[in-house]
Amino acid sequence: MESDTTNQTERLVARMRSAQAIASEDFDAAKFRLEQLISDAPSFLPARRLLAHILREHGQVAQATTIELETVSIGIARPTFQVAESAFLSDNLESAERLVRAHLREDPEDPAAALLLGEIAARCNAVQEAANLFNRAILFSPSYLKPRMALAKLQRDNGRYQDALTTLDGILAIEPTHLPSLSLKASVYEQLREFEKADATFTLLHQLHPDDARGWANHAFLLKTIGRRKDAILAYRAALSIDPSLALAWWGLSNLKTVRFDANDAAAMRKALTKADLKSADRVNLLYALGKALHDQGDYAAAFSAYAEGAELRLSRVPYDPQKVQDHVTKSRATCTADFFAGRTGWGCRANDPIFIVSLPRSGSTLVEQILASHPLVEGTEELHDIERIALSLDPGGETGGWLDVLPQLSRKEIEGLGQHYMDATRRFRHTDRPRFTDKMPSNWVFLGLIRAALPNAKVIDIRRHPMGCGFANFSQHFNWGINFSYSLEHIGGFYSAYLRQMAHFERSAPGWIHHISYEQLIEDTEGEIRKLLNYLDLPFDEACLRFYENRRAVYTPSSEQVRSPINREGMERWKRYEAFLEPLRQSLGSVLDHYPAVPPELDY
């Protein structure tokens, strides 16, 4: 039986090759032979691919496209491919790879199988192998757009933005209305900070796909970021008029902070929460948006209940170990001592460009950044991940704080190289000739030892907010990425304490290096605190810093709309409306509350 099958395949291959042999001299005859072969053996896919190739070479692109896509559809319906794809979708990558490679041995030019193997490689961070496989799939079937999209996403995810745009333009040349390509192209322009091009791409997307709710929501986020608040609200509302249950749009509207929800909005969110097929991530987004809506209606008990339900669901999806940050700080205090830094005097990159703004989220760091970015000598960038990346690169497979075990072993040249690497890596975010720039990644306080060693002339600003106000602001904010400590009141209290332990230590090991600001004092005496801040930075006072709300720069954080308004006390006492529900936070903070803004003696040792 197996011999008969082999003989039949050999005969089919022979017929196909005979057609291929005459294709360059007699196109019509070759086409006729292949069509006859396909009629006799519909499941023999190599003949279909060869026919499409010959048609494409002779300018019959539309017919070639039809055959290529039909061939892909037949191919992915085969049992051997279906089994491999099912394993991949079940995250059984080892089994999926074994199955798809076996499939490719039988049909080496199957584009869908090459795509699947590339997706497995990408999932395993084998970036170049993934790119090669995606290109292989494109070569096998030029009109099959999924491998091109996979390649564009791979390029985007690895910072090859221009390559991603080239790939996307290739897709749009084939199918000008291709929605996923338009959406990804707008996203890439956003990441390149080419906001006008991103806006234009979204506008084209709406013209071609006016009923794409997610496109309107994504455009709204861009409009919010660049300060077009009214347009952002209209875009979010357009998304919701198309899909009233779109969680992304409700969450985006709630993150504008300045938008007040009414009873109809709350009812629409509650209705969306009843959908049987609602994804967990969408449920979290809706619950936090509903919390904001109920807060706007003055129903604080119900609002807290919505926040708490969202937090519990999020924490179940992304578990958090509160001990890790404490262990990290303990190791930091043991390693980054005054003697450690004294023994490395004169080491590190000597650049004084960076101004690090550290804090817990929702503490006023965006406000400080906006004030400084209004100074003519300071460029405001955004929350940069480069310090964390450098730390992780020192010990990629290490345990908590593994980089702290490596740091003392580094030579003077190596430590200087780390600082220079940071300067080189962050240059892509600098678009002006201003000599100083901000890095407003709040969690960089965890890596103060690395910053001090590699960039000793950098400045560090610590903005500290009352722990109850800060704690509740974190608990009631769904960040949608990272910040995993914020979904439990107890975790927030422990994280705040760890942060204070770290700050107290660096006051002893590097006295005077960090400038501390109380958020409440900044609100009460704005000009006085700004003058102190600029004096610490060796910058002349500039009136523009007092008019920071006139700065139209892009702002990516949830505070974007708040820092585009003059300073006010609104929100400072918001937590008090929820005080009855915040006892777990109070208990976990302990004496921190009694000593704020100072550090309790038991943490300062």
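Definitions and limits used
Residues numbered from 1 in each chain as written. Predicted model: local features only at pLDDT ≥ 70, side-chain atom pairs only at ≥ 80, totals over all residues. Heavy atoms only, no water. Axes fitted to C-alpha atoms, helices over the stretch in contact; angles between N-to-C directions. Helix = DSSP H or I, 4+ residues; strand = E, 2+ residues; numbered from the N terminus. Parallel < 35°, antiparallel > 145°, perpendicular 65-115°, else oblique. Left-handed = near helix turned anticlockwise from the far one by under 90°. Contact = heavy atoms within 4.5 Å. Nonpolar A, V, L, I, M, F, W, Y, C, P; charged D, E, K, R; others polar. Expected span 1.5 Å × (residues − 1). Buried < 20%, exposed > 50% of the residue type's maximum accessible area, 1.4 Å probe, protein only. Pairing = 2+ DSSP bridges. Phe/Tyr/Trp six-rings, centres within 6.5 Å; stacked < 30°, edge-to-face > 60°. Lys NZ or Arg CZ within 6 Å of the ring centre and 35° of its normal. Disulfide = S-S within 2.5 Å. Arc of directions from axis to C-beta. Salt bridge = Lys/Arg side-chain N within 4 Å of Asp/Glu carboxyl O.

Novice: Hey, could you go over the packing of helix 5 (residues 79-89) against helix 6 (residues 93-106) for me, with residue numbers and the actual values?
Specialist: For the pair helix 5 and helix 6, interaxial distance at closest approach is 7 Å and the crossing angle is 160°. What the angle tells us is that helix 5 and helix 6 run roughly antiparallel. Crossing geometry of helix 5 relative to helix 6 is assigned as left-handed. Counted together, Thr80, Phe81, Val83, Ala84, Ala87 and Phe88 of helix 5 and Leu93, Ser95, Ala96, Leu99, Val100 and His103 of helix 6 form the full contact between these two elements. In terms of residue class, the contact of helix 5 with helix 6 is built from 9 nonpolar, 3 polar and no charged.

Novice: Account for helix 27 (residues 489-509), naming residues and giving values.
Specialist: One full turn of an α-helix is made of 3.6 residues, so residues set three or four places apart face in the same direction. Taking 1.5 Å per residue as the helical rise, helix 27 with its 21 residues ought to reach 30 Å, and the 31 Å between its terminal C-alpha atoms agrees with that figure. Within helix 27, 17 of the 21 residues are buried, leaving the element largely enclosed by the surrounding structure.

Novice: Could you give me a rundown of the pairing of strand 5 (residues 514-518), with the residues and numbers involved?
Specialist: The side chains of a regular strand alternate, residue by residue, between the two faces of the sheet. Counting buried positions along strand 5 yields 4 of 5 residues, so the element is predominantly enclosed. Across 5 bridges, the pairing between strand 4 (residues 459-464) and strand 5 is parallel. Within strand 5, the position partnered with Ile463 by the bridge is Ile517.

Novice: An account of the packing of aromatic side chains is requested, with residue identities and associated values reported.
Specialist: On inspection of all chains with the given rule, the structure shows 19 aromatic pairs. Judged by centre distance (4.3 Å) and plane angle (25°), the rings of Phe472 and Tyr578 are stacked. Taken together, the residues Phe472 in helix 26 (residues 467-475) and Tyr578 in the loop between helix 29 (526-536) and helix 30 (583-589) connect sequence positions 106 residues apart. Using a relative accessible area of 1% as the deciding quantity, one classes Phe472 as buried. In textbook terms, an aromatic cluster arises when at least three aromatic residues are bridged by ring pairs, as seen for Tyr288, Tyr300, Tyr307, Phe472, Tyr487 and Tyr578. For Lys459, the ring lying beneath its charged end belongs to Tyr536, and the centroid distance is 4.7 Å. For Arg531, the ring lying beneath its charged end belongs to Phe541, and the centroid distance is 3.7 Å.

Novice: Describe the sheet that holds strand 3 (residues 436-439), listing the residues and the values that go with them.
Specialist: A sheet is described by the order of its strands in space; here 5 strands give the open sequence 2-3-1-4-5, paired in parallel fashion. Each edge of the sheet is formed by a strand with only one pairing partner; in this case those strands are strand 2 (378-382) and strand 5. When strand polarity is set aside, the average angle formed by the axes of neighbouring strands in this sheet is 25°. For strand 1 (residues 354-358) and strand 4, the ladder comprises 4 bridges, and the chain directions are parallel. Opposite Phe356, over in strand 4, you have Val460 as the bridge partner. Across the sheet, helix 27 lies against strand 1, strand 4 and strand 5, angled at about 140° from strand 4, the strand it touches most.

Novice: Describe the state of the cysteines, naming the residues involved and giving the relevant values.
Specialist: Going through the model one piece at a time under the given rule, you end up with 0 disulfides. Of all cysteine sulfurs in the structure, the one in Cys349 sits closest to Cys336, which takes part in no disulfide; the separation is 18 Å. Cys336 sits in the buried class, given a relative accessible area of 0%.

Novice: So what's going on with the pairing of strand 1? Residues and values would help.
Specialist: For strand 1, the buried fraction is high: 5 of the 5 residues fall into the buried class. Every second residue of strand 1 is oriented toward a common face, with Pro354, Phe356 and Val358 on one face and Ile355 and Ile357 on the other, all of them buried. Here strand 1 runs beside strand 3; their pairing, made up of 3 bridges, is parallel. Within strand 3, the residue paired with Phe356 across the bridge is Asp439.

Novice: Go over the environment of Asp282 with me, naming the residues and quoting the values.
Specialist: If you trace the backbone, Asp282 turns up in helix 17 (residues 280-296). Along the backbone, Asp282 and Val72 are 210 residues apart, and their C-alpha atoms lie at a distance of 33 Å.

Novice: With reference to specific residues and values, describe unusual backbone geometry.
Specialist: The step from Tyr596 to Pro597 runs through a cis peptide bond, and the omega angle for that step is 5°. Looking at the element boundaries, Pro597 is found in the segment after helix 31 (592-595). Of note in this structure, Asn125 is not a glycine but carries a positive phi near 65°. Looking at the secondary structure, you find Asn125 in the loop between helix 7 (111-123) and helix 8 (127-140). Under the relative-accessibility criterion, Asn125 is labelled exposed at 65%. One non-glycine residue, Arg193, lies in the positive phi region at around 65°.

Novice: Which residues make up helix 5, and what are the values?
Specialist: Buried residues of helix 5: Phe81, Ala84, Ala87 and Phe88, and no others. Taken end-on, helix 5 shows its buried residues confined to a sector of 125°, consistent with a single buried face. Facing away from the buried side of helix 5 by over 90 degrees, the exposed positions are Pro79 and Leu89. Where helix 5 is buried, its residues contact helix 4 (61-76), helix 6 and helix 7.

Novice: Tell me about the pattern of salt bridges, and name the residues and values.
Specialist: Throughout the structure, instances matching the rule amount to 31 salt bridges. The partner of Asp231 in a salt bridge is Arg228, with the nearest N and O atoms 3.0 Å apart. Given the relative accessible area of 34%, Arg228 is considered partly exposed. Among the ionic pairs, Glu527 bridges to Arg531, the shortest N-O distance being 3.1 Å. With a gap of 4 residues between them, Glu527 and Arg531 both fall in helix 29, about one helical turn apart. Of the residues examined, Glu527 reaches a relative accessible area of 35% and is grouped as partly exposed. One salt-bridge network, in which partners are shared between bridges, spans Arg49, Arg78, Asp107 and Asp110.

Honestly, that's just the spatial picture; any functional story needs more than this.
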